[in-house]
Amino acid sequence: MRPLPSSPFGRIWLTLLGIGISAAALWIAVRNVDLATVGQRLADADVRYLLLALVAASVQVYLRTVRWQLLLPMRRDGRRVAARRILPVLLIGYLGNVALPARLGEVVRTYLLSRREGLDSVAVFGTVVLERILDVAALAMFALIVALSIGAPPWILGAAGLAAVFGLVALVVATAGLPRAVITISDRFDPSAGASSSFRLPGAATILRLAYRFSGGVGGSHSRRAVAGAATLSFLAWPFDALLVWLVSSSINIDISPGAAALISAAAVLSTAVPSAPGYLGTYELAAAAAAQAMGVASSPAFAVALLAHAFTILPAAIAGGVSLVVLRDSLAMAPPGAEIDAQAPASGDPARD
């Protein structure tokens, strides 16, 4: 996730950069498209397929809810946060990603859940980062398997393989390397104990406390079994995203294989890492349409697939997030602030040894 700069001018420039990239991507995506043909395709869409696409999107959201439940630190009473309490907050986060730049919905859901459940906000943010790493690793592995099974061009196989390696390395570093590095640095350069005058920098103790708490969310607030379960759920979620693309394509009478739908889905999702306007407008359409054309779909139908897949990927969850925000407004306002932890201890014990 890309945090916004603290300066108001930095935020403005980042927003303008995202809008500029989105505008350029959208122009590239539509320059060879017959918009009248696209409109006719969308107007003739088969509602039955679209209803099934909503079901696929709902299953994916449920799987991601259970995944976050596995990764979250325990409540103060030693219990896991109930999935029914996580779901509306997750949906509000999706709304934030649609309405705000730089995926700020991730920050919104971190704040809301930690405040509502009395959890350490930095550790919760660590679980959100871990979710993104799991998503990249699972999506890349899924895309690589699909690309191999359908005999995709070498450049697609190479890109999927490279992304899979990157995702797996990032996962190992985050869940094992980072927590152990924090422990090692803290043991050798403990500013509170004056262990090293060379490391006694202003704010060093605060930085180490934050690192403890963050690494607790990424690698120490849950067991390896929980991380394995979350990785499995991540891998299971992506076929439903591919199914959604296949269903919306079928609704407008565009015949693509399930494997092609999976690669279109993967390209579109990876494009959301590029800075863009809120809702990934333009970048999603360009990536999805380009992938569809690479799979043999003509430019105008490919753009229609991209538009419809984008709409069904973000709008139902965003609308549900808006409803959740209204329903939970009073309870969120009354919730106590998120928990703070002792300055000398990690968020959930030793993150490298849990």
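Everything numeric in this text was worked out from a predicted model, so none of it was measured.

### Re unusual backbone geometry
Phi is positive for asparagine 253, which is not a glycine, with a value near 60°. Structurally, asparagine 253 is set in the loop between α9 (224–251) and α10 (258–271). Here the phi dihedral of tyrosine 280 falls at roughly 60°; this positive angle occurs in a residue that is not glycine. When you line up the elements, tyrosine 280 lands in the loop between α10 and α11 (283–294). The buried category is assigned to tyrosine 280, whose relative accessible area is 11%.

### What to know about the side chain of glutamate 131
Its location among the elements puts glutamate 131 in helix α6 (residues 121–150). Setting aside chain neighbours within four positions, we find glutamate 131 in contact with Arg64, Arg67, Trp68, Leu71 and Arg109.

### Let's talk about the pattern of salt bridges
Taken as a whole and judged by the stated rule, the model has 13 salt bridges. Note that arginine 64 is salt-bridged to aspartate 135, the shortest N-O span being 2.8 Å. Of this pair, arginine 64 sits in helix α3 (residues 47–71) while aspartate 135 is found in helix α6, placing the two residues 71 residues apart along the sequence. You'll find arginine 64 and aspartate 135 in the same group, each marked buried. Between glutamate 117 and arginine 85 there is a salt bridge, with its nearest N and O atoms 2.6 Å apart. Taken as a pair, glutamate 117 in helix α5 (residues 105–117) and arginine 85 in helix α4 (residues 83–99) lie far apart in primary sequence, 32 residues in all.

### What to know about the packing of α3 against α4
One way to put it is that α3 packs onto α4 with a least axis distance of 9 Å and a crossing angle of 115°. Classified by the angle their axes make, α3 and α4 are roughly perpendicular. Seen along the crossing, α3 lies across α4 with a hand that is right-handed. Where α3 approaches α4, its residues Val61, Arg64, Thr65, Trp68 and Gln69 are matched on the opposing element by Ala83, Ile86, Leu87, Val89, Leu90, Leu91 and Tyr94. In terms of residue class, the contact of α3 with α4 is built from nine nonpolar, two polar and one charged.

### What about the packing of aromatic side chains?
Counted by the stated rule, this structure contains one aromatic pair. Ring centres of phenylalanine 142 and phenylalanine 235 lie 6.1 Å apart, and the angle between their planes is 90°; on these two criteria the pair is classed as edge-to-face. Taken as a pair, phenylalanine 142 in helix α6 and phenylalanine 235 in helix α9 lie far apart in primary sequence, 93 residues in all. Overall, the relative accessible area of 31% leaves phenylalanine 235 in the partly exposed class. Over the aromatic face of tryptophan 238 sits the side chain of arginine 64, whose NZ or CZ is 4.6 Å from the ring centroid. A cation over an aromatic ring shows up here: arginine 109 above the ring of tryptophan 68, its NZ or CZ 4.5 Å from the ring centre.

### Brief notes about the packing of α4 against α5
The description of two helices packed together rests on the angle between their axes and the distance between the axes. In the contact formed by α4 and α5, the axes pass within 7 Å of each other and the chain directions differ by 155°. Classified by the angle their axes make, α4 and α5 are roughly antiparallel. Seen from above, α4 lies across α5 with right-handed handedness. Between α4 and α5, the contacting residues are Arg85, Ile86, Pro88, Val89, Leu90, Ile92, Gly93, Gly96 and Asn97 on the first element and Gly105, Glu106, Val108, Arg109, Leu112, Leu113, Arg116 and Glu117 on the second.

### Let's talk about the nonpolar core
One finds Leu244, Val245, Val248, Ile252, Ile256, Ile264 and Phe312 to be the most contacted residues of the largest nonpolar core, which totals 34 residues. Sorting the residues of this core by element identifies α3, α9, α10, α11 and α12 (299–334) as the ones contributing at least two each. It is α12 that contributes the most residues to this core, eight residues altogether. Judged by nonpolar contacts, the second largest core, of 18 residues, contains Leu139, Leu144, Ala152 and Leu263.

Conventions and cut-offs
Residues numbered from 1 in each chain as written. Predicted model: local features only at pLDDT ≥ 70, side-chain atom pairs only at ≥ 80, totals over all residues. Heavy atoms only, no water. Helix = DSSP H or I, 4+ residues; strand = E, 2+ residues; numbered from the N terminus. Buried < 20%, exposed > 50% of the residue type's maximum accessible area, 1.4 Å probe, protein only. Contact = heavy atoms within 4.5 Å. Salt bridge = Lys/Arg side-chain N within 4 Å of Asp/Glu carboxyl O. Axes fitted to C-alpha atoms, helices over the stretch in contact; angles between N-to-C directions. Parallel < 35°, antiparallel > 145°, perpendicular 65-115°, else oblique. Left-handed = near helix turned anticlockwise from the far one by under 90°. Nonpolar A, V, L, I, M, F, W, Y, C, P; charged D, E, K, R; others polar. Phe/Tyr/Trp six-rings, centres within 6.5 Å; stacked < 30°, edge-to-face > 60°. Lys NZ or Arg CZ within 6 Å of the ring centre and 35° of its normal. Core = buried A, V, L, I, M, F, W, Y, C linked by side-chain atoms within 4.5 Å.

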